[in-house]
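Coordinate analysis (summary)
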Amino acid sequence: MPRVQKKGTVMSNQPFPVSVAPAVAIALASLLVSVQVAGQDAARGAGPRRPPVAGCPSVSRDFFPCAKVKAAAFKPPRNPDGTPNMNGAWNPSTANGSQNIEDYPGDQFLGAQVSLIVDPPDGKVPYLPQYANKRQDNWDHYIDPLGTCYVTGVPRQVFAPRGIAIIQAPNVFAFVGEFAHQYRAIPTDNSPHIGNSIRLFMGDSRGHWEGNTLVVDTTNLNDLTWLSISGHFHSDALHVTERFTLVDADTILYETTLVDPKVFRQPWTMAMPLVRFEKGHEVWEEPCFESDHDLPIMLQDHKIWLGLDPPQ
Amino acid sequence: MKQLSVGALLLALIAWPVSAQTPAAARPAVPRTSDGKPDLNGVWQALTTADWDLQDHAARLGVPAGQGVVEGGEIPYKPAALAQKQENFKKRATADPEAKCFLLGVPRTMYAPYPFQIVQSPAYIAIFSEYAHTTRSVFMNSEHPPGPITWFMGDSRGRWEGDTLVVDVKYFTDQTWLDRAGDFHGEDLHVVERYTLVTPDHIQYEATLEDPQVFTRPWKINLVLYRRKERNVRVLEYECYAYAEEEQARRGELGPK
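Worth saying up front: this structure is predicted, and the values here are computed from it rather than measured. One numbering rule holds for all chains: residues counted from 1, following each sequence as written. All chains are assigned letters beginning at A, and all ligands numbers beginning at 1, according to the order in which they are written. Two thresholds apply to this predicted model, a pLDDT of at least 70 for residue-level local features and 80 or more for giving and counting side-chain atom pairs, whereas whole-chain, interface and lining totals are computed over all residues.

1. What to know about the overall build of chain B
Convention followed: Only DSSP runs of H or I covering at least 4 residues are called helices, and only runs of E covering at least 2 are called strands; the numbering of each starts at the N terminus. Exposure classes come from backbone-placed C-beta atoms, where a residue is buried if 20 or more other C-beta atoms lie within 10 Å of its own, exposed if 12 or fewer do, and partly exposed in between. Here the contact rule is simple: place C-beta atoms from the backbone, and any two residues whose C-beta atoms are within 7 Å are in contact.
Each helix and strand in chain B was counted, giving five helices and nine strands. A burial count over chain B gives 39% of its 257 residues as buried. Within chain B, residue pairs in contact and separated by at least 24 positions form 54% of the contacts whose partners lie at least 6 positions apart.

Written as structure tokens, this is what we have:
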């Protein structure tokens, strides 16, 4: 099954002890093709070119304001409890498997990327001065925690490789992410966060509806996850707010604001479309760790990420 | 009392279909989803010792005594498979997939000593375990994909038979066990699970296991899943292999020399 490796894009990890169904092989091949095509476009200086999404340009800085306007006018289908119906399988197609979140021209290791960041307007993560070179250091010396099959963390779950399924029940909004089979079950019943001393890879998420928008507040995160393969990072002070709004029947506007005073100068926001997969698409199981045979190779020149203050 | 009477009133107002075995008068009211199915949403956990040993077992160091959950008492192994089980038992400290932090498979995930959450929608029922962020996706009223495929958690397809959720699971690996005592299965394992909400807070859980390579006949386990009722309870994380790697890395045992 596919794996994200250090110094690699989404790639096939052959030792997975299964006979992979043809459908999976085809899906994987198409994913690789889309990544490569994006890279070729970017090499011509235009950045990845993609068709419009929901009648809006697909790149984040243009999609965001356009989708906001369209979402305000859209009357979403509803669940029996009256909440907008977002059940289904969703593809964060412009995130390219969370290889990068800033502008990137593409190279032999990572595909091209147009920044997912809509605020600040320069499209860059506003790191504090002391961390100006930390992302590069991470890339040079550490393995992306996804490469060791750890769960994605938040908000990366939503734009990690392979997409997510949304399952809604009264007072619960749940995600299943295919990559390394992670999940979040988010109470939407006004219940309080758990105790501050409990630190979790996926944090403690609590949701509420503001009109047709699901707003998710996530605290209790640890610092053992990254935001991209390229090494964007956060501390255990990270506080994430996410907003999910249907733009049309097959598109969600996803916005996420990250606050982390230990690492960032200011709050910053990513936005991107989540596009409904074709009818019948199922998010399947990927037992990542169980078939992880490449860790010893990665460990020859890269370290396990142990957070911002690893033992010396 | 107030809650009870409201529940009784609802039951009286709405004539829900009832199964043939149990007279309506004897059935406690169970919560229902908007499509009229028993509402399995919530956090659940088994309280048996089945994860230590599916069959009757006395206590030993680190193992609570327990009455078995296998109908008829004995797992009907073929002779060679019984020898394998005994070999597994001897090597269990390291050979148990749980000791390696692997996914536990089905049905073991359902009686492992960790809570799990069920999120139920008409088309898709998700089961999320605290152990190693295990997810099960039960796709309703749909067919298994064409094989061959093998998965640690198998491929789960659900349907309602009256008030019982029936889940058909196949396409397994042979790398999961059924408990810490070395009970095991092969790739041909076929599991049929039956979830029946017998009170608002109890699910009667039955699973039939069939694997002609390992067992002489299909056999059943039967146990109760209990609703976790603590205030604001949620499924937390037991990220087994991440903790193991983190420990090793902190000790300097993982990484460039």
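2. Here we look at the overall build of chain A
Check the secondary structure of chain A and you find five helices and 12 strands. Counting every position in chain A, which comprises 312 residues, the buried fraction comes to 50%. Intrachain contacts of chain A at a sequence separation of at least 6 include 60% that bridge at least 24 residues.

3. Focus on the environment of P52 of chain A
Residues and elements named next belong to chain A. As for its placement among the helices and strands, P52 is situated in the loop between α1 (22–43) and α2 (60–73). Distance from P52 to H302, taken between C-alpha atoms, is 39 Å for residues 250 residues apart in sequence. Residues in contact with P52, not counting those within four places in the same chain, are P57 and S58.

4. Remarks on the nonpolar core
Convention followed: Note on terminology: a nonpolar core is a set of buried residues of type Ala, Val, Leu, Ile, Met, Phe, Trp, Tyr or Cys, with members joined through C-beta atoms within 7 Å.
Residues I167, A174, V176 and I252 of chain A together with A126 of chain B are the most contacted members of the largest nonpolar core, which totals 126 residues. With residues up to four places along the chain from it excluded, the contact list for I167 of chain A reads N87, A174 and V176 of chain A together with V119, S121, Y124 and A126 of chain B.

5. Structural notes on the interface of chain B and chain A
Under the convention used in this document: All amino acids are sorted into three groups, where Ala, Val, Leu, Ile, Met, Phe, Trp, Tyr, Cys and Pro are nonpolar, Asp, Glu, Lys and Arg are charged, and the leftover types, Gly among them, are polar.
If you look at the interface, chain B gives 40 residues, while chain A gives 41 residues. For the side of chain B that touches chain A, the secondary structure elements donating two or more residues are β2 (116–120), β3 (124–129), β4 (135–140) and α5 (240–250) of chain B. Considering each element in turn, the side of chain B that touches chain A owes the most residues, six residues, to α5 of chain B. In the side of chain B that touches chain A, the residues fall into 21 nonpolar, 13 polar and six charged.

6. Remarks on α2 of chain A
All names here are of chain A. Defined as follows: The span one expects for a helix is its residue count, reduced by one, times 1.5 Å.
Its 14 residues give α2 an end-to-end C-alpha distance of 20 Å, which sits within 8% of 20 Å, the value for a rise of 1.5 Å per residue. Turning to α2, its buried residues are S60, F63, F64, A67 and A71. Where α2 is buried, its residues meet β4 (117–119), β10 (239–248), β11 (251–259) and β12 (268–276).

7. Some points on helix α3 (residues 134–141) of chain A
Residues and elements named next belong to chain A. The following threshold applies: Directions drawn from the helix axis to the C-beta atoms are what define this arc.
Of the residues making up α3, those classed as buried are R135, N138 and W139. The arc enclosing the buried residues of α3, seen along the axis, measures out at 95°, which places them on a common side. For α3, the exposed residues lying more than 90 degrees away from the buried face are Q136, D137 and D140.

8. Quick look at the environment of H190 of chain B
Residues and elements named next belong to chain B. On the secondary structure map, H190 appears in strand β7 (residues 190–199). C-alpha of H190 to C-alpha of E161: the two residues are 29 residues apart in sequence and 19 Å apart in space. Here H190 is in contact with K170, E210 and D211, once residues within four sequence places are set aside.

9. Things to note about the sheet that holds β3 of chain B
Residues and elements named next belong to chain B. Cut-off, in case you're wondering: Note on pairing: two strands pair once DSSP finds at least 2 bridges between them. Only the stretch in contact is used when a helix axis is fitted, and all axes are lines through C-alpha atoms; the angle between N-to-C directions ranges over 0 to 180 degrees.
Sheet architecture is closed into a barrel: nine strands sit in the order β1-β2-β3-β4-β5-β6-β7-β8-β9, paired in mixed fashion. Neighbour-to-neighbour, the strand axes of this sheet turn through a mean angle of 30°, independent of strand direction. Where β4 meets strand β5 (residues 155–161), three bridges bridge the pair, whose relative direction is parallel. Across the sheet, the residue bridging to F139 is R157, located in β5.

10. Comments concerning unusual backbone geometry
Of note, the amide linkage connecting V106 of chain B to P107 of chain B takes the cis form, showing an omega dihedral of 10°. As for its placement among the helices and strands, P107 of chain B is situated in the loop between α3 (92–95) and α4 (108–111). Note the cis peptide between G147 of chain B and P148 of chain B, where omega equals 0°. Residue position: P148 of chain B is located in the loop between β4 and β5. Phi angles above zero are rare outside glycine, and H181 of chain A is one such case at about 40°.

11. Observations regarding the pairing of strand β3 (residues 88–91) of chain A
Residue and element names in this part refer to chain A. Across three bridges, β3 lies against strand β5 (residues 164–169) in antiparallel orientation. Paired with A89 across the bridge in β5 is A165. Relative to β12, β3 runs antiparallel, the two being bridged by two bridges. Residue pairing for β12: N91 is matched across the bridge by V275.

12. Notes on the confidence of the model for chain B
Here is the rule: Along the chain, pLDDT gives the predictor's confidence residue by residue, from 0 to 100.
Averaged over all residues, the pLDDT of chain B is 91; the fraction at 70 or higher stands at 89%. Counted against residues more than four places away or in other chains, residues 1–20 of chain B, with its pLDDT under 50, gives 11 contacts.

13. Section: the confidence of the model for chain A
Should the pLDDT be low somewhere, the predicted coordinates at that spot are not to be read in detail. For chain A, the average pLDDT comes to 86, and 84% of its residues sit at 70 or higher. Considering only residues more than four positions removed or in separate chains, one finds that residues 1–46 of chain A, a stretch of pLDDT under 50, has 78 contacts.

14. A few points about the pairing of β3 of chain B
Residue and element names in this part refer to chain B. The element β3 is largely enclosed, with a buried count of six among its six residues. Side chains Y124, A126 and F128 of β3 all project onto a buried face; the interleaved residues I125, I127 and S129 project onto the opposite face, where all are buried too. Here β2 runs beside β3; their pairing, made up of five bridges, is antiparallel. Looking at the pairing, Q117 lines up with F128 of β3. With five bridges connecting them, β3 and β4 associate as antiparallel partners. Directly across from F128, in β4, lies its bridge partner T135. In sequence, β3 turns back onto β4 through a hairpin of five residues, with A132 there showing a positive phi of about 50°.

15. Things to note about the environment of V69 of chain B
All names here are of chain B. By the secondary structure assignment, V69 is in the loop between β1 (42–46) and α2 (79–90). Judged by C-beta crowding, with 24 C-beta atoms within 10 Å, V69 ranks as buried. It is 9.6 Å that separates the C-alpha atoms of V69 and E206, two residues lying 137 residues apart in sequence. With residues up to four places along the chain from it excluded, the contact list for V69 reads T48, A50, L54, I221, N222 and L223.

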